[in-house]
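# Notes for the structure review
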Amino acid sequence: LFLATLTYDTLRFEYEDFPETKEPVWILGRKYSVFTEKEEILLDVTSRLWFTYRKNFPAIGGTGPTSDTGWGCMLRCGQMIFAQALVCRHLGRDWRWIKGKGQTDNYFNVLNAFIDKKDSYYSIHQIAQMGVGEGKSIGQWYGPNTVAQVLKKLATFDTWSSLAVHIAMDNTVVMEEIRWLCQSNFPCAGAAACPAVESEVRCNGYPEDVEVRDRLSLWKPLVLLIPLRLGLTEINEAYIETLKHCFMMPQSLGVIGGKPNSAHYFIGYVGEELIYLDPHTTQPAVEPNDSGCLADESFHCQHPPCRMSIAELDPSIAVVCSC
């Protein structure tokens, strides 16, 4: 497996440019033309946070793996799709990352939530260890549903973002549960270690001059994860147009899925091809400096994104949106 991963990594350095096509390009609810907006397309893609395999990070659990190469691709895709939720929450969908340009504290707060260390909200360490409760040993490959369940649990500790997370099991969106989650002032189930309400509202990202009673009445942003199976061994053609429509919705955070044992983060489509960010590149772990800033270029995909035929997609996916 290790040799196969090394070979796969070294082949990831050649990327195809976008096709010259009249078909629109859809990226997370935004429509573009290749002929007139190519730079805007690439800037939009580059601005998404890109999480890949890393090596030489602190051992998971103190004695576990120091790299997730070969097993962490779905965990990294889960990080990417949740990072998009945090970007929309704290920076906005119109925010763009430009190489060499300074960024706000909120940007680094979002990025630091995913850094490979045990005390980051959504680190590989937290996801792997929380997955034990879902029956996954550390170093075991996840499916879309497992990573969704783990992220839901971890989000309860992120009082800065204060997200309500709902997983639509069995293709069912439970509206009553969503209303309760979004209106509730208390942590969701599974957050026994979270602070009390008074402490929570002081650090959930709202301006200090907002009255406590106003903060408590605010509707929490929703992240809706919908695990789906769109066929038996391959995707059923009947679902393809509906899947495309998911990327046209302004609320879209993307789709996680891929091929068997090879996960990708899908952010859009053009024609009959899905556009995705690929986690299968091993990079050295990055440590923030004392002020919380860090070298962030390796967290942004600065080449044209990968594409694959929709027909090649494994039918087991998770569609994610926010509102």
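Residues numbered from 1 in each chain as written. Predicted model: local features only at pLDDT ≥ 70, side-chain atom pairs only at ≥ 80, totals over all residues. Heavy atoms only, no water.

Our working definition: UniProt positions are given in the numbering used here, feature names are shortened, and annotations may be inferred rather than shown by experiment.
The protein carries the name Cysteine protease in an unreviewed UniProt entry, which gives Chordeiles acutipennis as its organism. As stated in UniProt under Function (unreviewed entry), the record for the protein gives "Cysteine protease that plays a key role in autophagy by mediating both proteolytic activation and delipidation of ATG8 family proteins."

### Examining helix H2 (residues 34-47)
To be explicit about the condition: In this scheme, the bend at a residue equals the angle between the axes fitted to the seven residues that finish there and the seven that begin there. Strands are runs of DSSP state E lasting at least 2 residues, helices are runs of H or I lasting at least 4, and numbering of each runs from the N terminus. Only protein chains enter the area calculation, which uses a 1.4 Å probe; residues under 20% of their type maximum are buried, those over 50% are exposed, and those in between are partly exposed. In this analysis, two residues are considered to be in contact whenever any of their non-hydrogen atoms come within 4.5 Å of each other.
Glu40 marks the point of greatest bend in H2, at about 35°. Along H2, the positions that sit buried rather than exposed are Val34, Ile41, Asp44, Val45, Thr46 and Ser47. At its buried positions, H2 is contacted by strand E1 (25-27), strand E2 (30-32), strand E7 (262-270) and strand E8 (273-277).

### So, the side chain of His166
As a reminder, the rule being used: Two N or O atoms count as a polar contact when they lie within 3.5 Å, although within protein this holds only if one can serve as hydrogen donor and the other as acceptor, and sequence-adjacent residues are included solely when both atoms are side-chain atoms.
The residue His166 is located in strand E4 (residues 164-167) in this model. Judged by its relative accessible area of 1%, His166 is buried. Of the polar contacts made by the side chain of His166, one reaches the backbone nitrogen of Val174; its length is 3.5 Å. Discounting chain neighbours no more than four positions away, the residues touching His166 are Thr172, Val173, Val174, Glu177, Ile178, Leu181, Leu222, Val223, Leu224 and Leu225.

### Notes on the side chain of Ser123
Structurally, Ser123 is set in the loop between helix H4 (105-112) and helix H5 (124-130). Of note is the side chain of Ser123, whose polar atom sits 2.8 Å from the backbone oxygen of Lys117. Filtering out sequence-adjacent residues up to four positions away, Ser123 remains in contact with Gln79, Ala113, Phe114, Ile115, Asp116, Lys117 and Lys118.

### Section: the nonpolar core
Worth spelling out the cut-off: As used here, the term nonpolar core means buried Ala, Val, Leu, Ile, Met, Phe, Trp, Tyr and Cys residues forming a set that is joined through side-chain atoms within 4.5 Å.
Core analysis: the largest hydrophobic core is formed by 66 residues, its most contacted members being Val25, Leu49, Phe82, Phe114, Tyr122, Val223 and Tyr265. The contacts of Tyr265, once residues within four sequence positions are left out, are Leu28, Cys77, Met80, Ile81, Gln84, Leu253, Gly254, Val255, Ile256, Ile275, Tyr276 and Leu277. In this structure, Trp26, Tyr276, Met308 and Ile310 belong to the second largest nonpolar core, which totals 18 residues.

### Considerations on the pattern of salt bridges
The criterion, for reference: When a carboxyl oxygen of Asp or Glu lies within 4 Å of a side-chain nitrogen of Lys or Arg, that pair is called a salt bridge.
The full count for this structure, using the stated rule, is 13 salt bridges. Asp94 serves as the salt-bridge partner of Arg30, at 2.8 Å between the closest nitrogen and oxygen. Of this pair, Arg30 sits in strand E2 while Asp94 sits in the loop between helix H3 (73-90) and H4, and the two are 64 residues apart along the sequence. Overall, Arg30 belongs to the partly exposed group, its relative accessible area being 28%. By relative accessible area, which is 57% here, Asp94 ends up exposed. Between Arg48 and Asp44 there is a salt bridge, with the nearest N and O atoms lying 2.9 Å from each other. Arg48 sits in the buried class, given a relative accessible area of 1%.

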